[in-house]
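Chain residues, written in single-letter form:
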Amino acid sequence: VDPMLGRMVLAGAELHCLHEVLIIASALAVGDPRERPPEKAALADARQAQFRHPRSDFLSYLGLWEAWRAAGTSGTARRVFCDHHLVSALRMREWADVHRELLQLVHEQGLRVNQEPAPEAVIHQALLSGLLGRIGRKREEGDYQGARGVRFHLHPGSGLARKRPDWVMAAELVQTTRLYARTVAAIEPQWVEAVAGELIKRSYLEPHWQPRAGRVG
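Basis of the calculations
- Residues numbered from 1 in each chain as written.
- Predicted model: local features only at pLDDT ≥ 70, side-chain atom pairs only at ≥ 80, totals over all residues.
- Heavy atoms only, no water.
- Helix = DSSP H or I, 4+ residues; strand = E, 2+ residues; numbered from the N terminus.
- Buried < 20%, exposed > 50% of the residue type's maximum accessible area, 1.4 Å probe, protein only.
- Contact = heavy atoms within 4.5 Å.
- Areas by Shrake-Rupley, 256 points an atom, 1.4 Å probe, with all protein chains shown as cover.
- Lys, Arg positive; Asp, Glu negative; His and termini not counted.
- Charge placed at Lys NZ, Arg CZ, Asp CG, Glu CD.
- 1 Å grid on protein atoms, 1.4 Å probe; cavity = no way out; pocket = protein on both sides within 12 Å on 5 of 7 lines; lining within 4 Å.
- Points joined across faces, edges and corners; volume = space filled by probe spheres on them.
- Nonpolar A, V, L, I, M, F, W, Y, C, P; charged D, E, K, R; others polar.
- Pairing = 2+ DSSP bridges.

(A) View of the overall build of the chain. When helices and strands are counted, the chain shows eight helices and seven strands. Projected onto the principal axes, the alpha-carbon positions of the chain cover approximately 75 × 45 × 25 Å. The buried share among the 217 residues of the chain stands at 42%. Contacts spanning at least 24 positions in sequence make up 63% of the contacts within the chain whose residues lie at least 6 apart. Only carbon and sulfur atoms are counted for the fraction: they give 50% of the accessible area of the chain, which is about 12,900 Å². Across the chain, the centroid of the 29 positively charged side chains sits 3 Å from that of the 25 negatively charged ones.

(B) Focus on the layout of surface pockets. One number sums up the size of the largest pocket: a volume of about 890 Å³. D32, R34, G157, S158 and R182 are, among the 27 residues lining the largest pocket, the residues nearest its centre. For the lining of the largest pocket, the secondary structure elements donating two or more residues are helix 1 (3-14), helix 3 (41-48), helix 4 (57-70), strand 4 (167-175) and strand 5 (179-186). Counting residues per element, the lining of the largest pocket draws most heavily on helix 4, which supplies three residues. Partitioning the lining of the largest pocket into residue classes produces seven nonpolar, eight polar and 12 charged.

(C) Spatial organisation of the pairing of strand 5. Within strand 5, seven of the eight residues are buried, which leaves the element mostly enclosed by the surrounding structure. Strand direction decides the pairing type here: strand 3 (residues 151-154) and strand 5, joined by two bridges, are parallel. Bridge assignment links L154 to a residue of strand 5, and that residue is A181. Taken together, the seven bridges between strand 4 and strand 5 define a ladder with antiparallel strand orientation. From the neighbouring strand, E172 faces strand 5, where its bridge partner is R182.

(D) Structural detail: unusual backbone geometry. Positive phi outside glycine occurs at H16, with the angle close to 60°. In this structure, R164 is a non-glycine residue whose phi angle is positive, near 45°. Within the element layout of this structure, R164 appears in the loop between strand 3 and strand 4.

This is how it looks when you write it as structure tokens:
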């Protein structure tokens, strides 16, 4: 897989959220299986709404994965599920294939997959380790200031497009009529500092002398 996804997997093992990260990373490897043809846009939105997470498109993948697996193990049951929810059956199979291969690899490497559900914040911190170049802070103008001076907007298809949280990370930035962030999640700025380490550039403003402490503050 892409090194970005590989970094997420390693972080998932370190943070004890490998089960969830493997599902999300394999989804990112194959692309979103949800379909939204123009003539059925409203129907797709209604039937896929149950998978949508209010603060994370990444966690929406978990909801879709769990629902697809709960539909049954037979090919017929899963095709019926995909047809009803306007989901690509072919891409779901590709997703499952990549997930199975990644799961085999982590077992071969001796990495432990968590059995208990991981906290959402921990999952996002693991994902963030591979997405440090695709974070953004909301500006007063309504768009986002990203890394390396880029500015972007949240894609209208994102579950966060209307909420527009202060800080986000994105799986990809795509240039169409403007630069859009696709598959996004709200994050906390302190996560970036914890994950990025030496990659962060710090600046200190208005230094002053603290007599009691005997140092500059």
